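Residue-level listing of the chains:
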Amino acid sequence: MAQMKRTVIAVGAMFALTACAPAGYGGADAGAAEPVAVAAAEPSTSADPESSAEPGASASPGAETESDAPLPDGVEATESLTAKKFPRMGSAVVNQDGFILYRFDRDTNDPPSSNCDGQCAEVWPPALTDGTPKLKGVSDDAVGTITREDGTRQITLDGWPLYTYIGDKKAGQWKGQGVGGTWFVVNPDGSKNLECLPKGTPKAVAPPSKSKSEDSGSDYDY
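Residues numbered from 1 in each chain as written. Predicted model: local features only at pLDDT ≥ 70, side-chain atom pairs only at ≥ 80, totals over all residues. Heavy atoms only, no water.

**Things to note about the overall build of the protein chain**
How we decide: For helices the rule is a DSSP run of H or I covering at least 4 residues; for strands it is a run of E covering at least 2, with both sets numbered from the N terminus onward. For every residue, the accessible area obtained with a 1.4 Å probe (protein chains only) is divided by the maximum for its type, and the residue is called buried under 20%, exposed over 50%, and partly exposed between those limits. Should any heavy atoms of two residues lie within 4.5 Å, those residues are considered in contact. Only the protein chains shown count as covering a residue, and every accessible area follows the Shrake-Rupley method with a 1.4 Å probe.
On a plain count of helices and strands, the protein chain comes out with one helix and 13 strands. Counting from the amino terminus, the protein chain carries its helices and strands in the arrangement β-β-β-β-β-β-β-α-β-β-β-β-β-β. Residues counted as buried form 53% of the 222 residues belonging to the protein chain. In the protein chain, the share of contacts with a sequence separation of at least 24, taken over all contacts with a separation of at least 6, comes to 73%. Counting every atom, the protein chain has about 9,900 Å² of accessible surface; 49% of that belongs to carbon and sulfur.

Dropping the structure here:
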């Protein structure tokens, strides 16, 4: 495993699932979710300046480097990571707004690297940070960051870059679960949550940059 700070996250998706959720199931309300029984840890402020100097390198979320770029206009920083339990899905990690976080099989965690850019990142917005997110039920030792090509810092859990999904319209949904056979809700230890898988292989929603006339949703597997 690469030397780095890593975190744990879990996420959920909302589909008509086989032996998982009934058709039309709307997902758990974020306010009703119960904290996972994992010891909470305070974020560490230590950092390895060398590890965050190049794109893809990992560092503590609290580390400040000269290569850090400001967050894009309209993009909200991920201010907290909280482990939660959801009906049928089990454990997951949510951000400060209660939205579930995902990991991508085409990324790598050793070394940590993201392979979701361009239109992929429009559909799966990276969990970006400009400071140190608050942790609850997530181990500080598992949390880290990578520097993306645009200079922004993306949070990782056990080395896996974290994302939200624009198909989740409200807190507690997990419509991104199993999309393309490569996107999964992340457990608080950084592993894939496979407790609640959809029937078949769902497709991702279309990127916002695509016109409505092109927005069939069936051609997007990222």
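This is not the end of the story, as more comes after the structure.
**Re the side chain of T78**
With respect to the secondary-structure elements, T78 resides in the loop between β2 (58-59) and β3 (80-86). Of the residues examined, T78 reaches a relative accessible area of 8% and is grouped as buried. Sequence-distant contacts of T78, that is, excluding residues within four places in its chain, are made with N95, Q96, A127, L128, T129, P133 and I155.

**A word on the pairing of strand β4 (residues 90-94)**
How we decide: Any two strands between which DSSP finds at least two bridges are classified as paired.
Buried residues dominate β4, accounting for four of its five residues. Sheet analysis places β3 next to β4, joined by five bridges and oriented antiparallel. If you follow T82 over to β4, its bridge partner there is V94. A loop of three residues connects β3 with β4, the two strands running antiparallel in sequence, and R88 in this loop sits at a positive phi of about 75 degrees.

**Examining the environment of Q119**
Mapped onto the secondary structure, Q119 falls in helix α1 (residues 119-123). Residue classification places Q119 among the partly exposed residues on the basis of a relative accessible area of 29%. Spatially, the C-alpha atoms of Q119 and S209 are 7.6 Å apart, while their sequence positions differ by 90 residues. Ignoring sequence-local partners within four residues, the contact set of Q119 consists of P207, S209, K210 and Y222.

**Thoughts on the confidence of the model for the protein chain**
Stated formally: The score called pLDDT rates the predictor's confidence residue by residue, from a low of 0 to a high of 100.
Averaged over every residue, the pLDDT of the protein chain is 77; the share at 70 or more is 64%. Throughout residues 1-19 the model reports pLDDT below 50, and contacts reaching past four residues in sequence, or to other chains, amount to 122 contacts. Note that residues 60-67 has pLDDT below 50 and, in this model, 29 contacts with residues that lie over four places away or in other chains.

**A word on the nonpolar core**
For clarity, the threshold we go by: To qualify as a nonpolar core, a set must consist of buried Ala, Val, Leu, Ile, Met, Phe, Trp, Tyr and Cys residues joined through side-chain atoms within 4.5 Å.
In this structure, Y102, C116, W124, W174 and W183 are the most contacted members of the largest nonpolar core, which totals 21 residues. Here this core takes three residues from α1, the largest share from any one element. Among residues more than four places away in sequence, those in contact with W124 are Y102, C116, Y163, T164, Y165, G176, V179, W183, A204 and Y222. Judged by nonpolar contacts, the second largest core, of twelve residues, contains L81, L135, I155 and L157.

**Examining unusual backbone geometry**
Residues D110 and P111 are joined by a peptide bond in cis, for which omega reads 5 degrees. In this fold, P111 is placed in the loop between β6 (108-109) and β7 (112-113). With phi around 75 degrees, R88 is a residue other than glycine that occupies positive phi space. Tracing the sequence through the fold places R88 in the loop between β3 and β4. In this structure, D158 takes a positive phi of about 55 degrees despite not being glycine.

**Let's talk about the pattern of salt bridges**
Rules: Salt bridge, as used here, is a side-chain nitrogen of Lys or Arg placed within 4 Å of a carboxyl oxygen of Asp or Glu.
Evaluated as defined, the whole model comprises two salt bridges. R148 serves as the salt-bridge partner of D117, at 2.8 Å between the closest nitrogen and oxygen. Of this pair, D117 sits in the loop between β7 and α1 while R148 sits in the loop between β10 (143-147) and β11 (153-157), and the two are 31 residues apart along the sequence. Owing to a relative accessible area of 8%, R148 belongs among the buried residues under this scheme.

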